[in-house]
Amino acid sequence: MSMGNMSPVQQVQEKARNSQELPSADAEPSWQSRCLNRLLRLLPAKKHLASAVAVQEQVRKLARRPASYKPTGMGRGIEVTLKHVAGWPVYSTASSESPNTGNYVFFLHGGGFINEIVADHWRFIAYLTRHAHVRCVVPIYPLAPQATAKDLVPATGDLLRKLLEDAGPAKVTVIGNSAGAGLGVAAAQWLRDAGYRQPDGLVLISPAVSLSISRTEQIAIAARDPMQDIPGIIELGRLYAGDLDVTHPYVSPLYGDFHGLAPMIVFAGTHDVLYPDSVDLAAKARAAGVPVELHLREGQPHNYAGMPTPEGRQARAIILRAAQGLT
């Protein structure tokens, strides 16, 4: 079948298949992930992104009662310290047994740029700290619409620059999910443009690297996405962009230059409305000479790498090795 005779969704899948990124046809999702997809549809996440009005109401709700960003669910054996850098709270985690050794993870949480870091993020940070024996640096960045990409990207890049300067021989891996992954790519582009060195790797979990949501095929994908919807993502992009155009690389780093960026590992699932952008991200990075692994899994939702499924566990094993500097 020629590309001209394919549906938009089939064209994205064929593009990924030609790059040897799409799993084989017999790589069906596990029964656990199928059950989880059904469960996710019963939760309110997608309703919160069903319209611009729904997003605006969430912003007002969070303004009235800001969510806590304090670490929770870390468990034993982990030291947590807090300092303030340029007005931001920045947490650091380390193993209690060896708090001054190990590589670094610079972790950027998701949440659509309007939601605070949550318990699931902290549990994942604890998992990395405990099992990869790394020191995690977790900036609590300000949220939209009070903070927008014009200020957030340079400030994140500068904070990462300072960590890279202080890390010595230890490796520094940026790990982000969703909005945090997009912010990580934009910060890496800022580092390169400012003449600073790159981190040792970028681990991007369901990255939000384009907030324009302008692809025809994404309408069909949104119908099977159990967590996200297009109108809400467009509104998030508008709030985060502020005075910038939504296609500005600070907002949507997919439109930026990929030359000279750190090696990337990208996780995406075909039940995620954002996944076509991950396919293009991998293609653009590879064309710019950046080493890329794209783990595109059939039938997986947004942020599947953090889910309690076989696919999630496989992804986390890869992430652990990346954090340890073993990939």
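Everything numeric in this text was worked out from a predicted model, so none of it was measured.

**Student:** I keep staring at the confidence of the model for the protein and nothing clicks. Help me out?
**Tutor:** Note: predicted coordinates in regions of low pLDDT should not be interpreted at a detailed level. Residue-level pLDDT values for the protein average 92, and 92% of them are 70 or greater. Within the model, pLDDT remains below 50 along residues 19-26, and this stretch shows 13 contacts once partners closer than five positions in the same chain are excluded.

**Student:** What is the right way to look at helix α5 (residues 149-166) in this model?
**Tutor:** Since one α-helical turn is 3.6 residues long, residues separated by three or four positions face the same way. Compared with the 26 Å implied by 1.5 Å per residue over 18 residues, the 25 Å span of α5 between its first and last C-alpha is a close match. Positive phi shows up at Gly168, right after α5, with a value of about 65°.

**Student:** Please clarify how the nonpolar core should be interpreted in this entry.
**Tutor:** Across soluble globular proteins, nonpolar side chains have a tendency to be buried as a group. Core analysis: the largest hydrophobic core is formed by 69 residues, its most contacted members being Phe113, Tyr240 and Met264. Per-element accounting of this core gives the leading share, 8 residues, to helix α6 (residues 179-193). The residues touching Tyr240, leaving out its near neighbours within four places in the chain, are Phe113, Ala144, Thr148, Ala149, Leu152, Val153, Leu183, Leu211, Tyr250 and Val251. Counting residues in hydrophobic clusters, the runner-up holds 32 residues, among them Leu40, Ile140, Val203 and Ala323.

**Student:** Is there a simple way to explain the pattern of salt bridges in this structure?
**Tutor:** Close approach of charged atoms lets side chains of opposite charge pair. With the rule as written, the count across this model stands at 12 salt bridges. Between Asp243 and Lys150 there is a salt bridge; the shortest N-O distance is 3.3 Å. Of this pair, Asp243 sits in the loop between α8 (230-241) and β7 (264-269) while Lys150 sits in helix α5, placing them 93 residues apart in sequence. For Lys150, a relative accessible area of 38% gives the class partly exposed. As a salt-bridge pair, Arg238 and Glu235 come within 2.6 Å of each other at their nearest N and O atoms. Taken together, the residues span about one helical turn, with Arg238 and Glu235 both in helix α8 at a distance of 3 residues. Residue class for Glu235 comes out buried when judged on its relative accessible area of 6%. Linked through salt bridges whose partners overlap, the residues forming this network are Asp158, Arg161, Lys162 and Glu165.

**Student:** How should I be thinking about the environment of Val266 in this particular structure?
**Tutor:** Within the secondary structure, Val266 sits in strand β7. A relative accessible area of 0% places Val266 in the buried class. Residues within four places of Val266 in sequence aside, it is in contact with Leu204, Pro207, Ser278, Leu281, Val292, Glu293, Leu294 and His295.

Reading guide: rules and limits
Residues numbered from 1 in each chain as written. Predicted model: local features only at pLDDT ≥ 70, side-chain atom pairs only at ≥ 80, totals over all residues. Heavy atoms only, no water. pLDDT = per-residue confidence, 0-100. Contact = heavy atoms within 4.5 Å. Helix = DSSP H or I, 4+ residues; strand = E, 2+ residues; numbered from the N terminus. Expected span 1.5 Å × (residues − 1). Core = buried A, V, L, I, M, F, W, Y, C linked by side-chain atoms within 4.5 Å. Buried < 20%, exposed > 50% of the residue type's maximum accessible area, 1.4 Å probe, protein only. Salt bridge = Lys/Arg side-chain N within 4 Å of Asp/Glu carboxyl O.

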